[in-house]
Amino acid sequence: MSQLENIQAEYEKFPEQFESIIISTVSAEGIPNASYAPFVMDDAKNIYIYVSGLATHTKNLHANPHVSVLFIEDEAKSNQIFARTRLSFDCAVTLIERESDKWNQIVDQFQKRFGQIIEILRGLPDFRIFQLTPSEGRFVVGFGAAYRIKGGNLHQLAQITKDSDQQQQ
């Protein structure tokens, strides 16, 4: 396997290590908020979060339907704190209509993954499911080892180099 094929395989498996993601939202007033949420992901890399309507990030998602998400290697497992393996996506946000077929399907996935707590959350009327649809992202595996992920094919990495960054500008 080539180095790119190895990195590609690592990218595909990386989110499976996590039960929650770091989310960055922005309020209607432009105030940023960093938080986290448990998630499930489908094969198309859509990310689903099940969050309380009382949370700041939920209010922000309603006001500004864009979010950045981050999966990041545990500090304790990192060889170099300045170069932790990480995956980020910029996403568009869609609210899944409560009690719709899709909502029930996603809640079932949460139940399978997280167990009994979902039965309790399912009964709480303020909890919402949002679909986070990535438009682009970056996968960083070390110094000088950053890869761009673009829209149409979220399964394909392209290494970021000084020359490729200048072409983007």
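Residues numbered from 1 in each chain as written. Predicted model: local features only at pLDDT ≥ 70, side-chain atom pairs only at ≥ 80, totals over all residues. Heavy atoms only, no water.

**Student:** How do you make sense of the packing of aromatic side chains when you look at a structure like this?
**Tutor:** The geometry of an aromatic ring pair comes down to the distance between the two centres and the angle between the two planes. This model, assessed by the stated rule, comprises 9 aromatic pairs. Between the aromatic rings of F14 and F18, the centroid separation amounts to 5.1 Å while the plane-to-plane angle is 65 degrees, which identifies the pairing as edge-to-face. Residue classification places F18 among the buried positions, given a relative accessible area of 13%. Seen from their ring centres, Y50 and W103 are 6.4 Å apart, and the 85 degrees between their planes marks the pair as edge-to-face. Within this pair, whereas Y50 is found in strand β3 (residues 47-52), its partner W103 is found in helix α3 (residues 101-114), the two being separated by 53 residues in sequence. By relative accessible area, Y50 is classed as buried at 5%. Here the aromatic cluster, defined as three or more aromatic residues joined through ring pairs, consists of Y11, F14, F18, F39, F71 and F139. Sitting over the face of the ring of F39, R113 holds its NZ or CZ atom 4.8 Å from the ring centroid. (Phe/Tyr/Trp six-rings, centres within 6.5 Å; stacked < 30°, edge-to-face > 60°. Buried < 20%, exposed > 50% of the residue type's maximum accessible area, 1.4 Å probe, protein only. Helix = DSSP H or I, 4+ residues; strand = E, 2+ residues; numbered from the N terminus. Lys NZ or Arg CZ within 6 Å of the ring centre and 35° of its normal.)

**Student:** Honestly, unusual backbone geometry in this entry has me stumped. Any pointers?
**Tutor:** Among all residues except glycine, the phi angle is most often negative; among peptide bonds, the trans geometry is most common. Of note in this structure, K45 is not a glycine but carries a positive phi near 75 degrees. With respect to the helices, strands and loops of the structure, K45 is situated in the loop between β2 (32-41) and β3. Unusually for a residue other than glycine, E99 sits at a positive phi of about 65 degrees.

**Student:** Explanation requested: α3 in the structure shown.
**Tutor:** Working note: α-helix, 3.6 residues per turn, so residues spaced by three or four point in the same direction. Here α3 contains 14 residues, and its C-alpha end-to-end distance of 20 Å stays within 8% of the 20 Å for a straight helix at 1.5 Å per residue. Three or more residues of α3 are buried, namely W103, I106, V107 and F110. Viewed along the axis of α3, the buried residues span an arc of 100 degrees, placing them on a single side of the element. Residues D101 and K112 are exposed on α3 and point more than 90 degrees away from its buried face. Each element contacted by the buried residues of α3 is listed here: β2, β3, β5 (86-96), α4 (117-122) and β6 (127-140). Of the residues flanking the end of α3, it is G115, one or two places downstream, whose phi is positive at about 80 degrees. (Expected span 1.5 Å × (residues − 1). Arc of directions from axis to C-beta. Contact = heavy atoms within 4.5 Å.)

**Student:** Quick question: what am I supposed to make of the pattern of salt bridges here?
**Tutor:** Side chains that differ in sign of charge can pair as their charged atoms come close. A complete count under the given rule lists 4 salt bridges for this structure. Across the pair K45 and E12 runs a salt bridge whose closest N-O atoms are separated by 3.0 Å. Placement of K45 in the loop between β2 and β3 and of E12 in helix α1 (residues 3-13) is noted, with a sequence separation of 33 residues between them. With relative accessibility at 5%, the residue K45 sits in the buried group. A salt bridge links D108 to R122; the shortest N-O distance between them is 3.5 Å. (Salt bridge = Lys/Arg side-chain N within 4 Å of Asp/Glu carboxyl O.)

**Student:** Could you clarify how one ought to interpret the nonpolar core in this entry?
**Tutor:** One broad trend across soluble globular proteins is that nonpolar side chains are buried collectively. Counting residues in hydrophobic clusters, the biggest one holds 27 residues, and the most contacted among them are I21, I47, I49, V69, F71, F89 and L132. Breaking this core down by element, the ones donating at least two residues are α1, β1 (20-26), β2, β3, β4 (66-72), β5, β6 and β7 (146-150). Of all the elements, β5 adds the most residues to this core, at 4 residues. In contact with I47, not counting residues within four places along its chain, are I21, F39, V40, M41, V69, F71, F89, F130, Q131 and L132. Residues Y50, I96, F110 and I118 belong to the second largest nonpolar core, which totals 12 residues. (Core = buried A, V, L, I, M, F, W, Y, C linked by side-chain atoms within 4.5 Å.)

**Student:** Just checking my understanding: could you explain the pairing of β6 for this structure?
**Tutor:** The side chains of a regular strand alternate, first on one face of the sheet and then on the other. Judged from the 6 bridges that link them, β3 and β6 form a sheet pairing that is antiparallel. Bridging across to β6, Y50 finds its partner in I129. Sheet topology note: the β5/β6 ladder contains 11 bridges and is antiparallel. If you follow V93 over to β6, its bridge partner there is L132. By the bridge criterion, 5 bridges tie β6 to β7 in an arrangement that is antiparallel. Across the sheet, residue R138 finds its bridge partner in β7, namely R148. (Pairing = 2+ DSSP bridges.)

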